[in-house]
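# A closer look at the structure
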Amino acid sequence: MKAKNFGMSRLLGSTALVATFMIATVPMAHAQDTSNQAQPVSIAAGNLRAAIDQVAEQFGLQLIVQGDLGGLNSGAVSANLSAPEALHVLLAGSGYQFEFVTEDSVKISPVAAGAPAVEGAVVLPDVVVTATRSRRSLSTMSPSVVVIGRDQIEAQSAKSSDITNVIRNSVPGFMFDDQSLIASTETFRGRDVQVLVDGVSRNTPLRNSSRILSMIDIQQVESIEVIPGSNALNGDGATGATINIITKTGEAGKNTFVVDGHVKSYTDDIGESFSPSLTLSGSGGVGKVDWAASVTGSKTGNAYDGYGNQVPSDAMLGQGGFDNAEDLNLFGKTGVTLAEGHRVFLSTEVVRFRQDIEYNPDLTTDPVSVDYDNPYRAQPLEDESQYFTAGYEYDLGKIGTGDLKLFYNDSYKQAARADYHASYNPALVALASSGSTEDPLGQSVIEAVKYGIKLSTDTSLDMAYDGLTLTWGGDLTFDDVKYRTVSDRDIGAPMEQDGKAIFAQLSAPVTDYVDLSGGVRYETYDLTVKDFTRPNYMRYVGGVGTAYIGAAAFTGGNTTYNAVTYNASAVVHWTDQIDTSFSYSEGFSVPDVGAYTRRAGISGVSMNFADIDVDASKVKTYEIAARFTGQDFRTTGAVYMSTNERGDNFDSSTNSLSQEKERILGAELTGEYDISEDTYIGALASYVEGRYDTNEDGDLDSWLPNNRIPSPFRFTGYVDSHVWDDLNLRFDGTYTAGRNKIKTAKIKPSLVFNLSGNYPVLGGTARFGIENILDTSYENPAATALRGYSVAGHGRAVTIGFRREF
């Protein structure tokens with residue numbers, strides 16, 4: 001069966017690549033003959049990159065884009081123009097220029113240092129951020145806020161299609177991932193991350209599965225907004241950062257279709273690790289209707305570490321991984337413009353993921369390894385989730401502009417069976433009828449339904465003060481979470497939660513040099529935790545099943561908790577090149593109640609919800625940040641402190657829910673320098689460390705555990721260069737420092753180098769990526785921190801792909 005599966009993988013991958021390259025050989029119709037001939041060019045005002053793509057398609061040109069055009073807009077164009085004339089009009093004032101490197105290849109690059117501005121140029125709008133519930137210019141926000149555009153996403157996708165890698169390589173403060181599906185140690189500034197997709201939260205706080213970013217298909221993403229620090233404008237969960245994934249939206253008259261395929265293999269065993277992926281996508285519109293859609297299918301083989309050994313499929317005990325898996329992601333979005341300023345839309349995403357694990361892990365080795373003598377015989381790991389959003393975007397004149405969104409999220413996340421281990425997994429669910437027999441369907445499932453409505457409106461108050469804007473709105477949400485076994489037995493208390501919130505935010509320029517913003521949000525939750533019978537547990541003693549813990553009844557209850565959060569910021573524009581910001585923000589999170597109730601009646605854990613002290617943990621973030629943008633040098637820096645009087649830690653070693661005082665300090669730095677017109681170097685650096693009060697006496701007496709801060713320091717350096725004009729190469733290296741604060745659980749440092757490249761050919765773009773070039777053997781700090789035993793990082797993997805747009 002194993003050989004058959006591998007054969008199918010190879011067949012699928014080979015077929016995908018052959019089909020892709022056959023399509024790619026469709027000739028570009030006489031590009032060299034037509035680029036200099038005037039043609040009727042009609043381009044609506046809108047996204048600059050989309051406009052340039054339209055010119056390239058019309059004149060049969062291949063594009064080489066240096067830099068990131070994401071977020072820039074262009075005006076309408078309607079005239080008889082040649083390709084150079086059309087590009088000149090579109091790029092005027094954008095800070096970008098074009099150059100024909102061949103008769104049918106055009107390079108778009110930032111204007112060189114000291115180059116004169118184009119005469120009559122019009123300055124294009126700033127990049128706009130929407131995660132703040134309003135359309136705010138990036139220039140009016142903290143320099144620590146980052147928007148990752150589509151060009152950056154495509155360039156970095158050459159080596160990895162994992163969206164977390166794109167974020168980590170673009171933003172300091174985002175910790176190294178554990179290379180599994182759970183990603184629960186993917187902290188930002190030592191705290192939790194709230195993930196939004198088009199402004200709608202994907203988090204499930206009552207029972208956090210953390211399987212969020214890893215399930216988002218990067219092919220459907222237009223841009224990524226990252227707002228570091230605590231934030232409550234979109235509800236609970238953003239104590240470390242808010243990450244808003246903006247999906248693609250079509251434009252009428254700009255119909256494009258894309259074929260994107262790649263294969264990936266680890267060099268330790270190319271055949272057994274062969275992993276193909278194919279995406280078909282498109283966007284566009286007709287008349288008042290716009291659309292965007294994509295379908296991605298992939299299949300993965302084995303993964304290998306830097307020691308040359310196969311990586312365990314479930315090194316994290318139930319959380320699974322990306323190897324030996326099948327993944328299908330469907331995305332669609334359509335909108336109708338009813339009138340100017342009024343549009344309705346509907347979007348959907350469907351995820352189907354399945355990992356077929358062959359062997360259990362061996363936890364007795366260092367690092368953890370594959371136990372080939374212990375085959376996995378339980379149900380596969382699965383994720384079956386679907387997300388729907390309907391919205392109405394409006395312009396109501398003096399009332400304001402904004403949107404109303406209705407959403408429905410339905411997720412089914414089935415964990416793998418974790419093998420018995422006396423230290424790390426000492427109890428397994430037993431059959432109700434036999435306390436000494438393991439339930440063959442005892443692995444856990446989290447079923448979460450979340451739906452609600454979000455209203456956001458920007459109202460101009462120019463009559464009171466020029467530029468003053470009031471952003472206001474509210475949310476109504478409902479969460480229903482069930483924590484069960486595959487056999488449909490509750491292993492945690494079923495929970496329901498109703499949430500209501502209102503918010504108001506004022507922002508205004510104060511002279512040409514200062515932008516001020518501040519606001520307040522009130523949120524209240526009604527939580528219902530239902531009664532349930534916690535199942536009986538068994539264990540193995542000398543390989544023989546033995547009854548361990550009897551079933552017990554848990555008494556549920558109700559509670560209401562609320563939070564009032566504030567934020568304020570001032571951005572000072574000292575010169576055209578120097579900005580600084582001073583900000584204060586508050587966010588909050590709630591404890592993972594589901595994890596606690598699962599252990600009801602064990603080691604002193606209460607059997608009554610009334611005995612559990614559940615309250616929102618409010619986090620306050622103080623930040624000072626600065627930005628310098630010169631002709632050939634760009635840098636940002638930030639220092640911050642985040643504090644809270646009540647934490648939300650669950651200590652699995654003591655089965656206790658702790659809500660203690662915490663303080664985290666950190667600093668971040670980014671920099672880029674243009675060595676030449678074709679080459680630039682850059683770096684990201686971050687430091688974070690924190691302490692907390694373990695005995696509630698008010699003193700911060702202990703360091704935060706490793707699962708909160710796996711590494712206190714991370715540095716990434718990179719060089720990006722265009723070689724021979726067309727070939728774009730990027731080399732980067734990341735150093736992750738060790739952590740010795742927890743004497744009994746020290747984390748080792750690591751250093752990994754990567755290489756990626758893009759080259760325009762056959763009317764599309766060929767790309768390659770090499771992760772861990774030196775095949776370095778290292779310890780994954782995040783995975784090791786989570787479980788407390790050594791987990792090896794992945795070894796050298798090579799990705800080869802091709803993308804063609806029609």
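On a predicted model such as this, the values are computed, not experimentally measured, just so you know.

## Overview of the overall build of the chain
Looking only at helices and strands, the chain features eight helices and 47 strands. When burial is assessed residue by residue, the chain has 57% of its 806 residues classed as buried. When the accessible surface of the chain is summed, it comes to about 32,300 Å², and 56% of that surface belongs to carbon and sulfur atoms.

## Description of the packing of aromatic side chains
Aromatic rings in a pair are described by how distant their centres are and how their planes are angled relative to each other. Throughout the structure, instances matching the rule amount to 16 aromatic pairs. An angle of 75° between the planes, with centres 5.8 Å apart, marks the rings of Tyr420 and Tyr540 as edge-to-face. On the criterion of sequence distance, the pair formed by Tyr420 in the loop between β23 (401-414) and β24 (428-431) and Tyr540 in strand β31 (residues 537-541) is long-range, its members being 120 residues apart. Overall, the relative accessible area of 28% leaves Tyr540 in the partly exposed class. An aromatic cluster of at least three residues, connected via ring pairs, comprises Tyr408, Tyr451 and Phe478. Directly above the ring of Tyr387 sits Arg202, whose terminal nitrogen or CZ lies 3.6 Å from the centroid.

## What about helix α3 (residues 48-59)?
Given a rise of 1.5 Å per residue, 12 residues ought to cover 16 Å, and the 17 Å separating the end C-alpha atoms of α3 matches this to within 8%. Here α3 lies mainly inside the structure; nine of its 12 residues are buried. Burial in α3 covers these residues: Leu48, Arg49, Ala51, Ile52, Asp53, Gln54, Val55, Ala56 and Phe59. Phi for Gly60, located one or two positions after α3, is positive at around 70°.

## A word on the pairing of strand β22 (residues 381-395)
With 13 bridges joining them, strand β19 (residues 342-355) and β22 adopt antiparallel strand pairing. Its bridge partner lying in β22, Val350 is registered against Gln386. As defined by bridge partners, β22 adjoins β23 across 14 bridges and the pair is classed as antiparallel. Bridge assignment links Glu393 to a residue of β23, and that residue is Asp403. The loop that links β22 with its antiparallel partner β23 comprises five residues; one of these, Gly397, has a positive phi angle of about 65°.

## Details of the confidence of the model for the chain
Counting all residues, the mean pLDDT for the chain is 86, and 90% of those residues have values of 70 or more. The low-confidence segment residues 1-33 (pLDDT under 50) makes 42 contacts with residues lying over four places distant or belonging to another chain. Confidence over residues 113-126 falls short of pLDDT 50; this stretch has 22 contacts with residues more than four positions distant or in other chains.

## Section: unusual backbone geometry
In this chain, Asp366 is followed by Pro367 through a cis amide linkage whose omega measures 0°. Inspection of the secondary structure puts Pro367 in the loop between β20 (359-362) and β21 (369-375). Positive phi outside glycine occurs at Leu762, with the angle close to 55°. Using a relative accessible area of 42% as the deciding quantity, one classes Leu762 as partly exposed.

## Regarding a nonpolar patch on the surface
Together, Tyr687, Phe713, Phe715, Tyr735 and Leu751 line one region of the surface with nonpolar side chains, adding up to about 430 Å² of accessible area. Locating Tyr735 in the fold gives a position in strand β44 (residues 727-736). Under the relative-accessibility criterion, Tyr735 is labelled partly exposed at 33%.

## Section: the sheet that holds strand β11 (residues 193-197)
Judged by pairing direction, the sheet is mixed, and its five strands sit side by side in the order β10-β13-β14-β11-β12 without closing on themselves. Strands with a single pairing partner mark the edges of an open sheet, and in this sheet they are β10 (146-148) and β12 (200-201). Where β10 lies against strand β13 (residues 221-228), three bridges are found, and the strand directions are antiparallel. For Val147, the partnering residue across the bridge sits in β13 and is Glu225.

## Side note on the sheet that holds β31
Taken in spatial order, the four strands make up an open sheet running β25-β24-β31-β32, and their pairing is antiparallel. Each edge of the open sheet is held by one strand with a lone partner, namely β25 (434-438) and β32 (544-549). Strand-to-strand twist across the sheet, computed as the mean angle between neighbouring axes with direction ignored, equals 60°.

## A word on the pairing of β19
Bridging between strand β18 (residues 325-339) and β19 involves 14 bridges; their strand directions are antiparallel. Opposite Gly335, over in β19, you have Phe345 as the bridge partner. In this structure, the hairpin formed by β18 and β19 is closed by a connection of two residues, where Gly341 is found at a positive phi of approximately 85°.

## Description of the pattern of salt bridges
Under the definition given, this model contains 42 salt bridges. As a salt-bridge pair, Glu496 and Lys530 come within 3.2 Å of each other at their nearest N and O atoms. Of the two residues, Glu496 sits in strand β28 (residues 495-510) while Lys530 sits in the loop between β29 (514-529) and β30 (532-534), which places them 34 residues apart along the sequence. Since its relative accessible area comes to 25%, Glu496 is described here as partly exposed. Ionic pairing is found between Lys618 and Glu586, a salt bridge with its closest N-O pair at 3.8 Å. Highlighted residues: Lys618 in strand β36 (residues 617-629) and Glu586 in strand β35 (residues 578-589), separated in sequence by 32 residues.

## Section: the nonpolar core
Within the largest apolar cluster, 28 residues are counted, with the highest numbers of intra-cluster contacts made by Met495, Leu527, Val529, Phe554 and Phe609. When contributions to this core are tallied by element, the ones reaching two or more residues are β26 (444-460), β27 (469-485), β29, β34 (557-573) and α7 (593-598). Those residues in contact with Leu527 that sit more than four places away from it in its chain are Leu206, Met495, Glu496, Gln497, Gly557, Asn558, Thr559, Tyr561 and Phe609.

## Structural notes on the packing of α3 against helix α4 (residues 83-91)
Running from N to C, α3 and α4 cross one another at 180°; their axes reach a closest spacing of 10 Å. In terms of axis orientation, α3 runs roughly antiparallel to α4. Mapping the contact onto sequence places Leu48, Ala51, Ile52, Val55 and Phe59 in α3 and Ala83, Ala86, Leu87, Leu90 and Leu91 in α4. Of the residues contributing to the contact of α3 with α4, the split by class is 10 nonpolar, no polar and no charged.

## Details of the environment of Asp592
Looking at where Asp592 falls in the secondary structure, it is placed in the loop between β35 and α7. Along the backbone, Asp592 and Thr204 are 388 residues apart, and their C-alpha atoms lie at a distance of 9.4 Å.

Here is what the cut-offs are and how they apply
Residues numbered from 1 in each chain as written. Predicted model: local features only at pLDDT ≥ 70, side-chain atom pairs only at ≥ 80, totals over all residues. Heavy atoms only, no water. Helix = DSSP H or I, 4+ residues; strand = E, 2+ residues; numbered from the N terminus. Buried < 20%, exposed > 50% of the residue type's maximum accessible area, 1.4 Å probe, protein only. Areas by Shrake-Rupley, 256 points an atom, 1.4 Å probe, with all protein chains shown as cover. Phe/Tyr/Trp six-rings, centres within 6.5 Å; stacked < 30°, edge-to-face > 60°. Lys NZ or Arg CZ within 6 Å of the ring centre and 35° of its normal. Expected span 1.5 Å × (residues − 1). Pairing = 2+ DSSP bridges. pLDDT = per-residue confidence, 0-100. Contact = heavy atoms within 4.5 Å. Patch = residues over 30% accessible without salt bridge, like charges linked within 9 Å, V, L, I, M, F, W, Y side chains within 5 Å. Salt bridge = Lys/Arg side-chain N within 4 Å of Asp/Glu carboxyl O. Axes fitted to C-alpha atoms, helices over the stretch in contact; angles between N-to-C directions. Core = buried A, V, L, I, M, F, W, Y, C linked by side-chain atoms within 4.5 Å. Parallel < 35°, antiparallel > 145°, perpendicular 65-115°, else oblique. Nonpolar A, V, L, I, M, F, W, Y, C, P; charged D, E, K, R; others polar.

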